[in-house]
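# Inside the fold
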Amino acid sequence: MPYVKIEVTREGVTREQKQQLIAGITHLITDVLDKDPSLTHVVIQEIELDDWGFAGEQVSVLREKGITAQKNK
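All chains use their own residue numbering, which begins from 1 and follows the written sequence. Restriction of local features to residues with pLDDT of at least 70 applies here, the model being predicted, together with a cutoff of 80 or more for giving and counting side-chain atom pairs; totals for whole chains, interfaces and linings are based on all residues. Water and hydrogen atoms play no part in the side-chain values, which are based on all heavy atoms of the structure.

Keep this limit in mind: UniProt positions are given in the numbering used here, feature names are shortened, and annotations may be inferred rather than shown by experiment.
Under an unreviewed UniProt entry, the name given to the chain is Tautomerase, and the source organism is Flavobacterium artemisiae. Reading the Sequence similarities (unreviewed entry) entry of the UniProt record for the chain gives the comment "Belongs to the 4-oxalocrotonate tautomerase family."

Structure, rendered in structure tokens:
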């Protein structure tokens, strides 16, 4: 019974995006590990920006400085 936990900052991940993550991770676990998808659990936990730190600073402070996790397009 695989269990996958995804932690992301609370920055507007939509219901549709969460569904894509759940479906994609379930598919990956099924393909790579040959596990039954009906027994695969995926949990998405959103973390407040003040509660997540990176490079010695709160993510909320990094966002104020214009530093984001978005890839360049």
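Next comes the rest of the write-up.
## A short note on the pattern of salt bridges
The cut-off we apply is this: Here, a salt bridge means any side-chain nitrogen of Lys or Arg that lies within 4 Å of a carboxyl oxygen of Asp or Glu. When accessible area is computed with a 1.4 Å probe and restricted to protein chains, residues below 20% of their type maximum are described as buried, those above 50% as exposed, and intermediate ones as partly exposed. Labels follow the DSSP assignment, with helices taken as runs of H or I lasting at least four residues and strands as runs of E lasting at least two, numbered in each case from the N terminus.
One pass over the structure, following the stated rule, counts six salt bridges. Note that Lys-5 is salt-bridged to Glu-7, the shortest N-O span being 3.3 Å. Overall, Lys-5 belongs to the partly exposed group, its relative accessible area being 42%. Between Glu-46 and Arg-10 there is a salt bridge whose closest N-O contact spans 3.7 Å. Residue Glu-46 is found in strand E2 (residues 41-47), and its partner Arg-10 is found in the loop between strand E1 (3-9) and helix H1 (15-33); the two are separated by 36 residues along the sequence. With relative accessibility at 19%, the residue Glu-46 sits in the buried group. The exposure class of Arg-10 is partly exposed, given its relative accessible area of 42%. Among the charged side chains, a salt-bridge network with shared partners connects Arg-10, Lys-18, Glu-46 and Glu-48.

## Some thoughts on the side chain of Thr-9
Our working rule: Polar contacts, as used here, are pairs of N or O atoms within 3.5 Å; protein pairs need one atom able to donate a hydrogen and one able to accept it. Residues neighboring in sequence count only if both atoms are side-chain atoms.
Note that Thr-9 resides in strand E1. Take Thr-9: its relative accessible area is 14%, and that puts it in the buried class. A polar atom in the side chain of Thr-9 sits 2.4 Å from the side chain of Glu-11.

## A look at the UniProt feature "domain: 4-oxalocrotonate tautomerase-like" (unreviewed entry) in the chain
Taking the numbering used here, the UniProt-annotated feature "domain: 4-oxalocrotonate tautomerase-like" (unreviewed entry) corresponds to residues 2-60. Along residues 2-60 the backbone is 36% helical and 31% strand, and the end-to-end C-alpha distance reaches 32 Å.

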